[in-house]
Amino acid sequence: MSIEILTFGCRLNAYESEVMRGHAAALTDTVIVNTCAVTAEAERQARQAIRRLAREKPEARIVVTGCAAQLDPAAWQALPNVTRVLGNEDKLKPESWAPDSGSAVSDIMAARETAPHLVTEFAGRARAFVQVQQGCDHRCTFCIIPFGRGPNRSVPIGAVVTQVRALVAAGFREIVLTGVDIASYGGDLPGTPSLGQLARRLLALVPELPRLRLSSIDPAAIDPDLWRLIADEPRLMPHLHLSLQAASDLILKRMKRRHSRADAAAAIARARALRPGIAIGADLIAGFPTETDALFDETLRFVADTALPYLHVFPYSERPGTPAARMPAVPKPLRRERAARLREAGTRAARDFFASQVGRTISLLTEADLSGHSEHFAPVRLSSVASPGSLLPARVTGATPEGLTADALLADAA
Ligand code: SF4
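So, here is what we can say about the structure in this document. (Residues numbered from 1 in each chain as written. Predicted model: local features only at pLDDT ≥ 70, side-chain atom pairs only at ≥ 80, totals over all residues. Heavy atoms only, no water.)

**Structural notes on the packing of helix α8 (residues 195–205) against helix α9 (residues 224–232)**
Part 1: At a minimum axis separation of 6 Å, α8 and α9 run at an interaxial angle of 50°. It follows that α8 is oblique to α9 by the angle criterion. Contact residues: α8 offers Leu195, Gly196, Gln197, Ala199, Arg200 and Leu203, while α9 offers Asp225, Leu226, Arg228, Leu229 and Asp232. (Axes fitted to C-alpha atoms, helices over the stretch in contact; angles between N-to-C directions. Helix = DSSP H or I, 4+ residues; strand = E, 2+ residues; numbered from the N terminus. Parallel < 35°, antiparallel > 145°, perpendicular 65-115°, else oblique. Contact = heavy atoms within 4.5 Å.)

**Considerations on the site of the ligand**
Part 1: In the vicinity of the ligand, the contacting residues are Cys136, His138, Cys140, Phe142, Cys143, Ile145, Pro146, Val180, Arg257 and Arg258.
Part 2: Partitioning the shell around the ligand into residue classes produces seven nonpolar, one polar and two charged. (Near = heavy atom within 4 Å. Nonpolar A, V, L, I, M, F, W, Y, C, P; charged D, E, K, R; others polar.)

**A word on the nonpolar core**
Part 1: Counting residues in each nonpolar core, the largest one holds 64 residues, and the members touching the most others are Val164, Ile175, Leu212, Ile217, Leu226 and Leu240.
Part 2: A total of six residues in this core trace back to one element, the largest contributor, which is helix α7 (residues 157–169).
Part 3: Two domains each provide a minimum of three residues to this core, namely domain 1 (4–97) and domain 2 (119–237).
Part 4: Not counting residues up to four positions away in its chain, the partners in contact with isoleucine 217 are Ile182, Ala183, Leu195, Ile222, Leu226, Leu240, His241, Leu242 and Ser243.
Part 5: Counting 21 residues, the second-largest nonpolar core is a separate cluster that includes Cys36, Ala37, Ile50 and Ile62. (Core = buried A, V, L, I, M, F, W, Y, C linked by side-chain atoms within 4.5 Å. Buried < 20%, exposed > 50% of the residue type's maximum accessible area, 1.4 Å probe, protein only. Domains from an automatic or database assignment.)

**Structural notes on empty space enclosed by the protein**
Part 1: According to the stated counting rule, one finds one cavity of 30 Å³ or more in the structure shown.
Part 2: In this structure, the largest cavity occupies an estimated 30 Å³ of space.
Part 3: In terms of lining, the largest cavity is formed by Leu214, Ile230, Leu236, Met237, His239, Leu240 and Ile278. (1 Å grid on protein atoms, 1.4 Å probe; cavity = no way out; pocket = protein on both sides within 12 Å on 5 of 7 lines; lining within 4 Å. Points joined across faces, edges and corners; volume = space filled by probe spheres on them.)

**Overview of the packing of aromatic side chains**
Part 1: Per the counting criterion, the structure on display carries five aromatic pairs.
Part 2: A ring pair is formed by phenylalanine 288 and tyrosine 316, whose centres lie 5.7 Å apart and whose planes are at 75°; its orientation type is edge-to-face. Taken together, the residues span a long stretch of sequence, with phenylalanine 288 in the loop between β11 (279–286) and α12 (293–306) and tyrosine 316 in the loop between β12 (310–315) and α13 (332–356) at a distance of 28 residues. One exposure class covers both phenylalanine 288 and tyrosine 316, and it is buried.
Part 3: Of the aromatic side chains, those joined through ring pairs into one cluster are Phe142, Phe288 and Tyr316.
Part 4: Of note, arginine 139 hangs over the ring of phenylalanine 147, and the distance from its end group to the ring centre comes to 5.4 Å. (Phe/Tyr/Trp six-rings, centres within 6.5 Å; stacked < 30°, edge-to-face > 60°. Lys NZ or Arg CZ within 6 Å of the ring centre and 35° of its normal.)

**Regarding the sheet that holds strand β8 (residues 174–178)**
Two pairing modes exist for strands in a sheet, parallel and antiparallel, and in both the strands are linked by backbone hydrogen bonds.
Part 1: Strand order across the open sheet formed by three strands is β5-β8-β9, with parallel pairing between neighbours. Every other strand in the sheet has two partners, leaving β5 (128–131) and β9 (211–214) as the edge strands with one partner each. Averaged over all pairs of adjacent strands, the angle between their axes in this sheet comes to 30°, without regard to strand direction.
Part 2: Against the sheet, helix α1 (residues 11–23) touches β5, β8 and β9, its axis set at about 95° to β5. (Pairing = 2+ DSSP bridges.)

**Observations regarding the side chain of glutamate 16**
Part 1: Residue placement: glutamate 16 occurs in helix α1.
Part 2: Setting aside residues no more than four positions away along its own chain, glutamate 16 makes contact with Asn88, Lys91, Leu92, Gln131, Gln134 and Arg149.

**Looking at the pairing of strand β17 (residues 403–408)**
Part 1: Note that strand β15 (residues 379–382) and β17 share three bridges and pair parallel. For valine 380, the partnering residue across the bridge sits in β17 and is leucine 404.
Part 2: Here strand β16 (residues 391–400) pairs with β17 via six bridges, running antiparallel. Bridged to alanine 394 within β17 is alanine 408.
Part 3: Turn length for the β16-β17 hairpin, with the two strands adjacent in sequence and antiparallel, is two residues.

**Describing the layout of surface pockets**
Part 1: Computed from the structure, the second largest pocket encloses a volume of approximately 250 Å³.
Part 2: As for the second largest pocket, its lining consists of Thr39, Ala40, Glu41, Phe314, Pro315, Tyr316, Ser317, Glu318, Lys332, Arg335 and Arg336.
Part 3: Of all the secondary structure elements, the ones that give two or more residues to the lining of the second largest pocket are α2 (40–56), β12 and α13.
Part 4: Across the lining of the second largest pocket, the residue classes break down as four nonpolar, two polar and five charged.

**Things to note about the pattern of salt bridges**
Part 1: Within this structure, the stated rule accounts for 24 salt bridges.
Part 2: The salt bridge involving arginine 213 is made with glutamate 174; its shortest N-O contact spans 2.6 Å. On the criterion of sequence distance, the pair formed by arginine 213 in strand β9 and glutamate 174 in strand β8 is long-range, its members being 39 residues apart. A single burial state applies to arginine 213 and to glutamate 174, both of which are buried.
Part 3: We note a salt bridge from arginine 200 to aspartate 225, for which the minimum N-O separation is 3.8 Å. With arginine 200 in helix α8 and aspartate 225 in helix α9, the pair connects residues that are 25 residues apart, well separated along the chain.
Part 4: Classification of aspartate 225 as buried rests on a relative accessible area of 14%. (Salt bridge = Lys/Arg side-chain N within 4 Å of Asp/Glu carboxyl O.)

What follows is the structure, encoded as structure tokens:
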């Protein structure tokens, strides 16, 4: 049995799983469980997966990594068949995966990050995620990530270019820049290059890269270079995903977010003015402590008024040791109910957005033989088979609640 990896959580974890896959390729009978600590549910799912593995593959050696492992190594070490626990920095060290490398919890204490291994495969995906930044210097009151991933650290532009070139040479046509707080990119590098400057340099130095996409970004921290790219760079996809979390100023203040409702509205309006038709999504937390019906309605109205088609909505989840976990809580059923209402608003906006695409010619990146995503990140169902990872022009023939239907205009155009 070759190396098997179960990845939970974010795109950064997905990228790091590919780095580990490269480092651990020589290991057999090993399963890596790369955990996430953003919600209690994410941790529960990883524990459940480990118990199932121990039952179904008793011969497998389970190595647990990721944010949840970083935050509470002993708890994960105690689960059945877990032979090692590696923290977020140690998991990226090639020597951590040497067949004879040693014991468990002590690894985390001595870790120091090494240059990431060049990823050229991405577990059955058509687009590849590339880490540009790690960690976070902010302290949003609900968030455990800075405690699991440390301070903001950026990958130098040269290393990002090298990684992207390797992925494009391996056949990837779309790259998603990812990290924990990508808007903080470069703050720790000589000359403090911004995320926009990184993206512009990358597109200039890798002209063979057709599509660049950004992962979630702080609405108050989009830099001038990035605004210019949004306006005039066709290879930067017309799709922004904002780390909004809420749209009530009082709740944003209690979350210790750096943007106000007005800042978020201004960023959305500016993006739509600079790049007409741009698709905008957002991360939202429903039922943050102290959120009254009236405060929730502010967020719900904002989402409806701004018509954001792609919403990632999470019911608030207490994280141990965070300030919000000590605030007066909203009952869990109410959190779930509010999350459902936000998702409904998102579904309505998505339906309208998909309907607006009918009749248009889109650029489609195929994933499986009959599906893919457009440049606006709309899910697309093709009428005819195309090989995964192809970049095709396609005519949108219809819209469904889940996305678009389309006819490929050219078979395997690129
Ligand atoms: S910006 Fe806030 S939510 Fe995002 S990782 Fe940092 S502390 Fe967490």
